[in-house]
Amino acid sequence: MTILTREKLVDGSFRNGLDMPSDLTWSDAELDLSLATTLQARPGGAMWIFAYGSLMWNPLIAFDEQRIATLDGWHRSFCVRSISYRGTPERPGRVLALEPGGQVRGMALRLNEDQAATELRLLWAREMCSGVYRPLWAPLLLDDGRTVTAIVFVVNPTQPLYEPDATVASVARIVADAAGVVGSNADYVHALDTALADRGLRDPYIEAIVDEIGRDKDGAAQPGA
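For the rest of this paragraph, the subject is the overall build of the chain. When helices and strands are counted, the chain shows seven helices and five strands. For the chain, the C-alpha radius of gyration of 17 Å lies close to 17 Å, the compact-globule estimate for 225 residues. Along the first, second and third principal axes, the C-alpha set of the chain runs to 55 × 45 × 35 Å. Counting over 225 residues, the chain shows a buried share of 48%. Restricting to contacts in the chain with at least 6 residues of sequence separation, those with at least 24 account for 73%. With the model as given, the accessible surface of the chain reaches about 10,500 Å², and the carbon-plus-sulfur share is 51%. Positive and negative side-chain charges in the chain, numbering 21 and 30 respectively, have mean positions lying 1 Å apart.

This next bit is on the confidence of the model for the chain. Per-residue pLDDT for the chain averages 92, and the proportion of residues at 70 or more is 95%. Below a pLDDT of 50 lies the segment residues 216–225, which in the model reaches nine contacts outside its immediate sequence neighbourhood of four places, other chains included.

Turning our attention to the packing of helix H3 (residues 28–40) against helix H4 (residues 116–127). In contact at an axis separation of 10 Å, H3 and H4 are set at 125° when each is read in the N-to-C sense. Viewed along their axes, H3 and H4 adopt a mutual orientation that is oblique. H4 is crossed by H3, and the crossing has right-handed handedness. Residues Asp 28, Leu 31, Asp 32, Ser 34, Leu 35, Thr 38 and Leu 39 of H3 touch H4, and the partners they reach there are Leu 120, Arg 121, Trp 124 and Ala 125. Tallied by class, the residues present in the contact of H3 with H4 amount to six nonpolar, two polar and three charged.

Bringing the pairing of strand S4 (residues 133–142) into the picture now. By the criterion of burial, S4 is predominantly enclosed, with seven of the 10 residues buried. Looking at chain direction, strand S2 (residues 65–82) and S4 are connected through two bridges and run antiparallel. Bridge pairing in S4 places Thr 70 opposite Leu 141. Where S4 meets strand S5 (residues 147–155), nine bridges bridge the pair, whose relative direction is antiparallel. Considered in S5, the bridge of Trp 137 is made with Ile 151. Connecting the antiparallel pair S4 and S5 is a turn made up of four residues, with Gly 145 showing a positive phi of about 95°.

Moving on, we get to helix H7 (residues 204–213). Along H7, the residues classified as buried are Tyr 205, Ile 206, Ile 209, Val 210 and Ile 213. Axial view of H7: buried residues confined to an arc of 135°, hence all on one face. Its buried side turned inward, H7 meets S2, strand S3 (93–110), helix H5 (168–175) and helix H6 (185–198). The N-cap of H7, judged by a side-chain oxygen 3.0 Å from the amide nitrogen of Tyr 205 a few residues on, is Asp 203.

Moving on, we come to the packing of H5 against H7. Helix packing geometry: the angle between the two helix axes and the distance between the axes. For the pair H5 and H7, interaxial distance at closest approach is 9 Å and the crossing angle is 50°. As judged from the angle between their axes, H5 and H7 are oblique. The crossing of H5 and H7 is right-handed. Residue-level inspection shows Val 168, Val 171, Ala 172 and Val 175 of H5 in contact with H7, the latter providing Tyr 205, Ala 208, Ile 209, Glu 212 and Ile 213. Considering only residue class, the contact of H5 with H7 consists of eight nonpolar, no polar and one charged.

All right, on to the sheet that holds S5 then. Sheet architecture is closed into a barrel: five strands sit in the order S1-S3-S2-S4-S5, paired in mixed fashion. Averaged over all neighbouring strand pairs, the angle between strand axes comes to 35°, with direction disregarded. Strand direction decides the pairing type here: S2 and S3, joined by 15 bridges, are antiparallel. Note on S3: the bridge partner recorded for Val 80 is Val 95. Relative to S5, H4 is tilted by about 30°, and along the sheet it contacts strand S1 (48–51), S4 and S5.

What counts and what doesn't
- Residues numbered from 1 in each chain as written.
- Predicted model: local features only at pLDDT ≥ 70, side-chain atom pairs only at ≥ 80, totals over all residues.
- Heavy atoms only, no water.
- Helix = DSSP H or I, 4+ residues; strand = E, 2+ residues; numbered from the N terminus.
- Rg over C-alpha atoms; globule rule 2.2 N^0.38 Å.
- Buried < 20%, exposed > 50% of the residue type's maximum accessible area, 1.4 Å probe, protein only.
- Contact = heavy atoms within 4.5 Å.
- Areas by Shrake-Rupley, 256 points an atom, 1.4 Å probe, with all protein chains shown as cover.
- Lys, Arg positive; Asp, Glu negative; His and termini not counted.
- Charge placed at Lys NZ, Arg CZ, Asp CG, Glu CD.
- pLDDT = per-residue confidence, 0-100.
- Axes fitted to C-alpha atoms, helices over the stretch in contact; angles between N-to-C directions.
- Parallel < 35°, antiparallel > 145°, perpendicular 65-115°, else oblique.
- Left-handed = near helix turned anticlockwise from the far one by under 90°.
- Nonpolar A, V, L, I, M, F, W, Y, C, P; charged D, E, K, R; others polar.
- Pairing = 2+ DSSP bridges.
- Arc of directions from axis to C-beta.
- Polar contact = N/O pair within 3.5 Å; in protein donor to acceptor, adjacent residues only side chain to side chain.

This is the structure we're talking about:
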(Lines give C-alpha, C1' and ligand atoms only; values in the text may rest on other atoms or scores of the structure.)
Protein backbone atom coordinates (compact mmCIF):
# COMPACT_ATOMS: atom_id res chain seq x y z
CA MET A 1 0.00 0.00 0.00
CA THR A 2 1.58 3.28 -1.05
CA ILE A 3 2.28 5.89 1.59
CA LEU A 4 1.55 8.65 -0.92
CA THR A 5 -2.18 9.24 -0.47
CA ARG A 6 -4.21 12.30 0.44
CA GLU A 7 -5.17 10.70 3.75
CA LYS A 8 -1.53 10.16 4.68
CA LEU A 9 -0.69 13.74 3.78
CA VAL A 10 -3.52 14.93 6.03
CA ASP A 11 -2.60 12.82 9.07
CA GLY A 12 1.17 13.33 8.67
CA SER A 13 2.03 9.67 8.18
CA PHE A 14 3.43 10.35 4.71
CA ARG A 15 6.28 12.43 6.08
CA ASN A 16 6.85 10.02 8.96
CA GLY A 17 6.88 7.09 6.55
CA LEU A 18 9.71 8.59 4.53
CA ASP A 19 12.08 7.99 7.46
CA MET A 20 14.48 10.69 6.30
CA PRO A 21 17.59 11.69 8.30
CA SER A 22 16.76 14.50 10.71
CA ASP A 23 19.30 16.85 9.16
CA LEU A 24 17.50 16.50 5.80
CA THR A 25 13.96 16.79 7.15
CA TRP A 26 12.08 20.04 7.54
CA SER A 27 9.99 20.57 10.66
CA ASP A 28 6.36 21.68 10.59
CA ALA A 29 7.55 25.14 11.54
CA GLU A 30 9.90 25.26 8.56
CA LEU A 31 7.13 24.09 6.23
CA ASP A 32 4.76 26.72 7.58
CA LEU A 33 7.37 29.48 7.28
CA SER A 34 8.17 28.51 3.69
CA LEU A 35 4.50 28.50 2.74
CA ALA A 36 3.85 31.81 4.47
CA THR A 37 6.86 33.41 2.78
CA THR A 38 5.69 32.17 -0.59
CA LEU A 39 2.17 33.49 -0.06
CA GLN A 40 3.50 36.88 1.04
CA ALA A 41 5.01 37.23 -2.43
CA ARG A 42 1.79 36.20 -4.17
CA PRO A 43 0.81 38.38 -7.11
CA GLY A 44 -2.80 39.13 -7.96
CA GLY A 45 -5.08 36.68 -9.71
CA ALA A 46 -6.18 33.11 -9.20
CA MET A 47 -4.08 30.52 -7.38
CA TRP A 48 -2.34 28.24 -9.89
CA ILE A 49 0.17 25.41 -9.41
CA PHE A 50 2.46 24.15 -12.17
CA ALA A 51 2.52 20.34 -12.38
CA TYR A 52 5.43 18.89 -14.36
CA GLY A 53 6.11 15.57 -12.60
CA SER A 54 4.04 13.29 -10.39
CA LEU A 55 1.54 16.08 -9.74
CA MET A 56 0.41 15.50 -13.32
CA TRP A 57 -0.86 11.95 -12.73
CA ASN A 58 -1.30 11.88 -8.96
CA PRO A 59 -2.01 15.42 -7.74
CA LEU A 60 -3.83 14.49 -4.49
CA ILE A 61 -4.96 18.10 -4.09
CA ALA A 62 -8.35 19.51 -5.05
CA PHE A 63 -8.51 21.94 -7.97
CA ASP A 64 -11.20 23.54 -10.10
CA GLU A 65 -9.46 23.71 -13.47
CA GLN A 66 -6.50 22.22 -15.30
CA ARG A 67 -4.90 23.35 -18.53
CA ILE A 68 -1.83 22.41 -20.52
CA ALA A 69 0.76 25.07 -19.79
CA THR A 70 4.20 26.20 -20.95
CA LEU A 71 6.89 27.56 -18.65
CA ASP A 72 9.84 29.39 -20.19
CA GLY A 73 13.31 29.48 -18.69
CA TRP A 74 13.29 26.04 -17.03
CA HIS A 75 13.61 22.37 -18.01
CA ARG A 76 12.98 18.99 -16.41
CA SER A 77 15.98 17.42 -14.72
CA PHE A 78 16.40 14.27 -12.63
CA CYS A 79 18.76 16.17 -10.38
CA VAL A 80 17.36 15.24 -6.95
CA ARG A 81 18.83 12.26 -5.11
CA SER A 82 16.09 10.14 -3.55
CA ILE A 83 17.06 8.18 -0.44
CA SER A 84 13.56 7.17 0.65
CA TYR A 85 10.82 8.12 -1.83
CA ARG A 86 12.25 6.23 -4.84
CA GLY A 87 15.51 4.96 -3.42
CA THR A 88 17.46 4.14 -0.27
CA PRO A 89 20.62 5.56 1.31
CA GLU A 90 22.50 2.49 0.05
CA ARG A 91 21.03 2.69 -3.47
CA PRO A 92 19.71 6.20 -4.06
CA GLY A 93 17.30 6.94 -6.86
CA ARG A 94 16.55 10.14 -8.71
CA VAL A 95 13.43 12.28 -8.84
CA LEU A 96 12.45 15.28 -10.86
CA ALA A 97 13.00 19.00 -10.43
CA LEU A 98 13.39 22.00 -12.71
CA GLU A 99 16.75 23.54 -13.56
CA PRO A 100 17.36 26.86 -15.34
CA GLY A 101 17.26 27.07 -19.12
CA GLY A 102 15.01 25.95 -21.92
CA GLN A 103 11.27 25.41 -21.77
CA VAL A 104 8.96 22.88 -20.15
CA ARG A 105 5.34 21.95 -20.78
CA GLY A 106 3.08 20.46 -18.15
CA MET A 107 -0.25 21.14 -16.48
CA ALA A 108 -1.50 24.22 -14.67
CA LEU A 109 -3.88 23.46 -11.79
CA ARG A 110 -6.16 26.24 -10.50
CA LEU A 111 -7.11 25.93 -6.85
CA ASN A 112 -10.42 27.02 -5.38
CA GLU A 113 -9.68 30.15 -3.38
CA ASP A 114 -11.76 28.95 -0.42
CA GLN A 115 -9.77 25.70 -0.26
CA ALA A 116 -6.36 27.06 -1.26
CA ALA A 117 -4.86 27.32 2.24
CA THR A 118 -5.66 23.69 3.06
CA GLU A 119 -4.57 22.34 -0.31
CA LEU A 120 -1.31 24.29 -0.31
CA ARG A 121 -0.40 22.97 3.14
CA LEU A 122 -0.86 19.43 1.84
CA LEU A 123 1.24 20.29 -1.19
CA TRP A 124 4.03 21.63 1.03
CA ALA A 125 3.91 18.47 3.16
CA ARG A 126 4.41 16.47 -0.01
CA GLU A 127 6.99 18.53 -1.91
CA MET A 128 8.96 20.38 0.76
CA CYS A 129 9.88 17.59 3.17
CA SER A 130 13.59 18.25 2.75
CA GLY A 131 13.72 21.75 1.29
CA VAL A 132 15.29 20.45 -1.91
CA TYR A 133 12.76 22.49 -3.91
CA ARG A 134 12.48 26.26 -4.06
CA PRO A 135 8.93 27.54 -4.64
CA LEU A 136 8.66 30.62 -6.81
CA TRP A 137 6.04 32.51 -8.79
CA ALA A 138 6.41 32.33 -12.57
CA PRO A 139 4.28 33.13 -15.62
CA LEU A 140 2.67 30.25 -17.51
CA LEU A 141 1.18 30.38 -20.98
CA LEU A 142 -1.97 28.27 -21.02
CA ASP A 143 -3.15 26.38 -24.07
CA ASP A 144 -6.18 28.68 -24.37
CA GLY A 145 -3.94 31.74 -24.75
CA ARG A 146 -4.18 33.07 -21.19
CA THR A 147 -1.10 33.97 -19.20
CA VAL A 148 -1.29 33.23 -15.48
CA THR A 149 1.18 33.29 -12.60
CA ALA A 150 1.70 30.02 -10.77
CA ILE A 151 3.70 28.46 -7.97
CA VAL A 152 6.55 26.47 -9.52
CA PHE A 153 8.85 24.13 -7.59
CA VAL A 154 12.42 24.42 -8.90
CA VAL A 155 15.52 22.80 -7.50
CA ASN A 156 17.48 24.31 -4.64
CA PRO A 157 21.09 23.69 -5.79
CA THR A 158 22.50 24.41 -2.32
CA GLN A 159 20.60 21.53 -0.72
CA PRO A 160 22.62 18.31 -0.08
CA LEU A 161 20.26 16.13 -2.15
CA TYR A 162 20.94 18.13 -5.32
CA GLU A 163 22.90 16.17 -7.95
CA PRO A 164 24.49 18.25 -10.74
CA ASP A 165 24.98 15.27 -13.06
CA ALA A 166 21.51 14.69 -14.48
CA THR A 167 22.60 13.42 -17.88
CA VAL A 168 20.53 10.75 -19.59
CA ALA A 169 23.17 8.05 -19.20
CA SER A 170 23.77 8.73 -15.50
CA VAL A 171 20.09 8.97 -14.61
CA ALA A 172 19.10 5.86 -16.54
CA ARG A 173 21.82 3.79 -14.87
CA ILE A 174 20.70 4.95 -11.42
CA VAL A 175 16.93 4.65 -11.78
CA ALA A 176 17.01 1.22 -13.44
CA ASP A 177 17.66 -0.54 -10.12
CA ALA A 178 16.50 1.94 -7.46
CA ALA A 179 13.33 1.62 -5.39
CA GLY A 180 11.96 3.23 -2.24
CA VAL A 181 8.92 3.38 0.00
CA VAL A 182 6.68 4.70 -2.79
CA GLY A 183 7.86 2.22 -5.42
CA SER A 184 10.48 1.65 -8.08
CA ASN A 185 12.33 4.53 -9.64
CA ALA A 186 11.81 3.12 -13.13
CA ASP A 187 8.04 3.10 -12.57
CA TYR A 188 8.24 6.81 -11.73
CA VAL A 189 9.99 7.55 -15.03
CA HIS A 190 7.54 5.44 -17.03
CA ALA A 191 4.56 7.04 -15.29
CA LEU A 192 5.89 10.46 -16.23
CA ASP A 193 6.41 9.41 -19.83
CA THR A 194 2.85 8.04 -19.98
CA ALA A 195 1.39 11.16 -18.35
CA LEU A 196 3.05 13.34 -20.96
CA ALA A 197 1.95 11.15 -23.85
CA ASP A 198 -1.64 11.02 -22.56
CA ARG A 199 -1.75 14.81 -22.74
CA GLY A 200 -0.15 15.05 -26.15
CA LEU A 201 3.10 16.40 -24.71
CA ARG A 202 6.69 15.42 -25.38
CA ASP A 203 9.96 15.85 -23.55
CA PRO A 204 12.99 14.47 -25.44
CA TYR A 205 14.98 14.24 -22.20
CA ILE A 206 12.39 11.97 -20.59
CA GLU A 207 11.99 9.91 -23.76
CA ALA A 208 15.75 9.38 -23.93
CA ILE A 209 15.88 8.16 -20.33
CA VAL A 210 13.00 5.75 -20.99
CA ASP A 211 14.79 4.41 -24.06
CA GLU A 212 18.03 3.99 -22.10
CA ILE A 213 16.31 2.17 -19.24
CA GLY A 214 14.80 -0.21 -21.77
CA ARG A 215 18.17 -1.46 -22.93
CA ASP A 216 20.24 -4.14 -21.29
CA LYS A 217 23.98 -3.90 -20.70
CA ASP A 218 24.66 -5.08 -24.22
CA GLY A 219 22.49 -2.35 -25.69
CA ALA A 220 19.70 -4.67 -26.83
CA ALA A 221 16.11 -3.61 -26.28
CA GLN A 222 14.34 -5.47 -23.51
CA PRO A 223 10.70 -6.55 -23.70
CA GLY A 224 8.36 -3.62 -23.21
CA ALA A 225 11.01 -1.05 -24.05
